[in-house]
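# Coordinates in review
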Amino acid sequence: MTEEQYRKKMQRRKEVQEQRLQERSHEKGLIIVHTGNGKGKTTAALGMVLRSLGHGYKVAIVQFIKGAWEPAEKAVFSLWPAQLEFHAMGEGFTWETQDRQRDIETAQVAWNKALTFVRNPDYKLVLLDEVNVALKLGYLTVEQVLSGLDEKPADSHLILTGRGAPPALIERADLVTEMTLVKHPFREQGVKAQPGIEY
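Notes on the structure follow. These figures come from a predicted structure and were not determined experimentally.

Attention now moves to the side chain of Thr42. With respect to the secondary-structure elements, Thr42 resides in helix α2 (residues 41-54). On the accessibility criterion, Thr42 (11% relative accessible area) is buried. At a separation of 2.5 Å, a polar atom in the side chain of Thr42 contacts the side chain of Asp129.

Structure (structure tokens):
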């Protein structure tokens, strides 16, 4: 491709992009789902949290499964006490508690806490971390969560993470990303979870 051909191609691409932007000029609060068996669901959501904090928005994070340990991100996010509410409300991985009824009760308490932020128009972004796992395990019902989504203010964003997002939630969402597991060092090489990578 010659320099002139490249310039014409990029000019055309610019025109198309500008037209797309003009056609898509309205804003709305999004329901975002990060699911799939691959790593990075929470990490991607936390990137959006950082971005929102950078814009000066109020943000809330409710963690449904994690919570028995102190994630490093909680220490970092403590730098924004006026903008961020962080609630790690789980009791750890489900195989550690060994008490289904207690796990259900813990998830219901976390859901009720989450609803206080979902309903509050002061919070521009609410992250419900691992809520999809709570749904998959039957600790919350799909109907309960979908009903909660109806209470979200029109311009607030909501992120729901965790593997196994149910079809009804995927259907309701505006943006769905599925993380695909291609290769993992824990499985293939016996490498344990490491600080800065997994937690």
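Turning our eyes to something else, we now look at the environment of Arg119. Residue position: Arg119 is located in the loop between α5 (100-118) and β4 (123-129). On the basis of relative accessibility, which here comes to 42%, the residue Arg119 falls in the partly exposed class. Taking the C-alpha atoms as reference points, Arg119 and Lys152, 33 residues apart in sequence, are found 5.3 Å from one another. A distance of 2.3 Å separates the side chain of Arg119 from the side chain of Glu151, its partner in a polar contact.

Attention now goes to the pairing of strand β1 (residues 31-35). Looking down a regular strand, the side chains alternate between one sheet face and the other. For β1, the tally of buried residues reaches five of five residues, placing the bulk of the element in the interior. What you see with β1 is no split at all: Ile31, Val33 and Thr35 on one side and Ile32 and His34 on the other are buried throughout. Judged from the four bridges that link them, β1 and strand β5 (residues 157-161) form a sheet pairing that is parallel. Residue Ile31 lies in a different strand from β5, and its bridge partner there is Leu158.

Overall, parallel pairing links the six strands, which are arranged β3-β2-β4-β5-β1-β6 in an open sheet. Two strands close off the open sheet at either side, each with one partner strand: β3 (84-88) and β6 (175-178). For this sheet, the mean inter-axis angle between neighbouring strands, taken without regard to orientation, is 10 degrees. Bridge count for β4 against β5 is four bridges, and the pairing is parallel. Each bridged residue has a counterpart across the sheet, and for Leu125 the counterpart in β5 is His157. The sheet contacts of α2 involve β1, β2 (58-63), β3, β4 and β5, and relative to β4 the element is tilted by about 165 degrees.

Turning next to α2. Taking 1.5 Å per residue, 14 residues should reach 20 Å; α2 reaches 20 Å between its end C-alpha atoms and fits that length. What α2 keeps buried is the set Lys41, Thr42, Ala45, Leu46, Val49, Ser52 and Leu53. On an axial view of α2, the arc spanned by its buried residues comes to 120 degrees, and they lie on one face. Of the exposed residues in α2, the ones pointing more than 90 degrees away from its buried face are Thr43, Arg51 and Gly54. Those residues of α2 that are buried lie in contact with β1, β2, α3 (72-77), β3, β4 and β5. In the segment just after α2, Gly56 is the residue with positive phi, at about 85 degrees.

Calculation notes
Residues numbered from 1 in each chain as written. Predicted model: local features only at pLDDT ≥ 70, side-chain atom pairs only at ≥ 80, totals over all residues. Heavy atoms only, no water. Helix = DSSP H or I, 4+ residues; strand = E, 2+ residues; numbered from the N terminus. Buried < 20%, exposed > 50% of the residue type's maximum accessible area, 1.4 Å probe, protein only. Polar contact = N/O pair within 3.5 Å; in protein donor to acceptor, adjacent residues only side chain to side chain. Pairing = 2+ DSSP bridges. Axes fitted to C-alpha atoms, helices over the stretch in contact; angles between N-to-C directions. Contact = heavy atoms within 4.5 Å. Expected span 1.5 Å × (residues − 1). Arc of directions from axis to C-beta.

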